[in-house]
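Close look at the chain arrangement
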Amino acid sequence: MLCVNVPHASGRYPIYIGRNLLQNPSLLPVKAGDKVMIVSNATIAQHYLTTLTATFESLGCQVAHCLLPDGEQYKNLASLEQIYRSLLENHFSRDSLLVALGGGVVGDICGLAAATYQRGVRFIQVPTTLLAQVDSSVGGKTAVNHPLGKNMIGAFYQPSAVLIDINTLKTLPQREISAGLAEVIKYGAALDAPFFQWLEEHIEELMALEEEALKYAISRCCQLKAQIVARDEKEKGERALLNFGHTFGHAIETQMGYGNWLHGEGVAVGMLIASELSALWEKSAFTAQECVRLRELLQKAQLPIYVPKEMTSADFLTLMQRDKKVLQGKIRFVLLQHLGKSFLSHDLTATQITQAIETCAISD
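Residues numbered from 1 in each chain as written. Predicted model: local features only at pLDDT ≥ 70, side-chain atom pairs only at ≥ 80, totals over all residues. Heavy atoms only, no water.

**With respect to the side chain of arginine 220**
For the record, the criterion: Only runs of H or I of at least four residues qualify as helices and only runs of E of at least two qualify as strands under DSSP, and these elements are numbered from the N terminus. Whether two residues are in contact is decided by their heavy atoms, any of which lying within 4.5 Å being enough.
With respect to the helices and strands, arginine 220 occurs in helix α7 (residues 211–231). With near-sequence residues (within four places) excluded, arginine 220 lies in contact with Asp192, Phe195 and Gln227.

**With respect to the packing of aromatic side chains**
Any two aromatic rings considered together are summarised by their centre-to-centre distance and by the angle between their planes. What counts, and what does not: The pairing test for Phe, Tyr and Trp rings, Trp by its six-membered ring, is centres within 6.5 Å, and the orientation test on the planes gives stacked under 30 degrees, edge-to-face over 60, and tilted for anything in between. When the NZ atom of lysine or the CZ atom of arginine is within 6 Å of a ring's centre and also within 35 degrees of its normal, the charge is said to sit over that ring.
Here the structure, examined in full by the defined rule, presents six aromatic pairs. Joined through ring pairs, the aromatic side chains of Phe195, Trp198 and Tyr216 make up one cluster. Sitting above the plane of the tyrosine 187 ring, lysine 186 keeps its charged end 4.4 Å from the centroid.

**Regarding the environment of alanine 189**
Short version of the rule: The cut-offs for exposure are 20% and 50% of the maximum accessible area for each residue type, with area from a 1.4 Å probe on protein chains only; residues under the lower value are buried, those over the upper are exposed, and the others partly exposed.
Within the element layout of this structure, alanine 189 appears in helix α5 (residues 174–191). According to the relative accessible area criterion, alanine 189 is buried, its value standing at 0%. Along the backbone, alanine 189 and phenylalanine 286 are 97 residues apart, and their C-alpha atoms lie at a distance of 11 Å. Excluding residues that lie within four positions of it along the chain, alanine 189 makes contacts with Phe196, Phe244, Leu294, Leu336, His338, Leu339, Gly340 and Lys341.

**Re the environment of asparagine 151**
Using the following cut-off: Between N or O atoms, a polar contact is any pair within 3.5 Å; within protein, one atom must be a potential hydrogen donor and the other a potential acceptor, and residues adjacent in sequence are included only when both atoms are from side chains.
Relative to the helices and strands, asparagine 151 resides in strand β8 (residues 149–156). Given a relative accessible area of 16%, asparagine 151 falls into the buried group. It is 9.4 Å that separates the C-alpha atoms of asparagine 151 and lysine 141, two residues lying ten residues apart in sequence. Side-chain polar atoms of asparagine 151 contact the side chain of lysine 75, separated by 2.6 Å.

Below you can see the structure in the form of structure tokens.
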């Protein structure tokens with residue numbers, strides 16, 4: 001088992017990475033008599049809810065369950081209200097523990113519930129998708145979506161621990177594995193050139209869920225994120241670099257309908273648009289060959305590389321004006337100086353943005 005520690009303003013918490021962690025009571029920050037609410041969905045629950053419940057009960061905990069509908073389209077205020085109702089009906093108090101058992105949707109909603117129920121209760125993340133394991137479960141971002149924008153209602157709230165059991169990846173469809181790899185590729189492209197090269201050499205092993213490759217990739221992503229969160233917990237500056245590809249990707253998710261395009265699929269196309277924009281920006285030394293390397297790696301991960309044919313550049317510009325990264329009316333983009341080195345810029349013109357989007361459109 002590997003362990004990565006995440007320091008933050010109020011302390012630190014561990015990320016445990018390995019196999020069979022759901023059956024390991026020594027990793028759970030609870031004691032006999034504690035009340036635990038496991039938040040999940042029916043899809044995940046059929047595989048792991050009984051096991052995790054038994055592990056908590058072996059420690060003498062009282063366990064209740066809240067099962068949400070499955071899908072990004074349910075990452076909303078109605079699902080948040082469902083958790084609040086379950087907590088109140090089961091008489092949960094401020095010393096209780098919430099457990100997010102599932103992917104990024106469950107983790108984000110459960111985290112927001114923990115941040116706001118009785119002004120804050122403890123919670124832990126038990127991410128069961130690759131995307132959640134390398135990104136959304138780490139760093140304390142919690143949120144729900146609004147019909148006009150993704151992740152617009154939320155809070156920064158750190159978990160007490162993260163348990164990453166790579167056994168859970170075996171039950172994922174290949175499309176979900178690919179979506180998670182988009183976030184893995186993001187870390188290499190934006191922050192770590194040697195890691196990007198390692199991914200080029202080992203992407204087939206990751207697609208096949210080979211254990212050693214998975215453990216290394218997940219731990220490296222968590223290390224990179226932990227380092228940035230320690231320096232910029234509430235995204236005042238450097239942490240925004242972790243959003244490489246996300247401004248365009250969130251626009252795709254919003255326009256196409258939450259859940260129709262997976263988050264990682266939107267990010268994949270968003271990274272390509274951002275890389276094309278980087279090549280257009282005179283302050284960047286990013287090259288066309290680096291664009292090709294990124295595109296080829298995304299293709300090997302079986303990710304989309306073209307803008308949805310239903311979207312125009314005008315659609316992107318309208319939706320991106322509502323993005324959280326808009327400051328003083330200007331959209332901040334994460335661009336690449338080189339593969340592995342990123343920076344923030346808000347001095348791009350609509351013409352440049354449109355050109356980058358159209359470069360990634362499917363030609364007739």
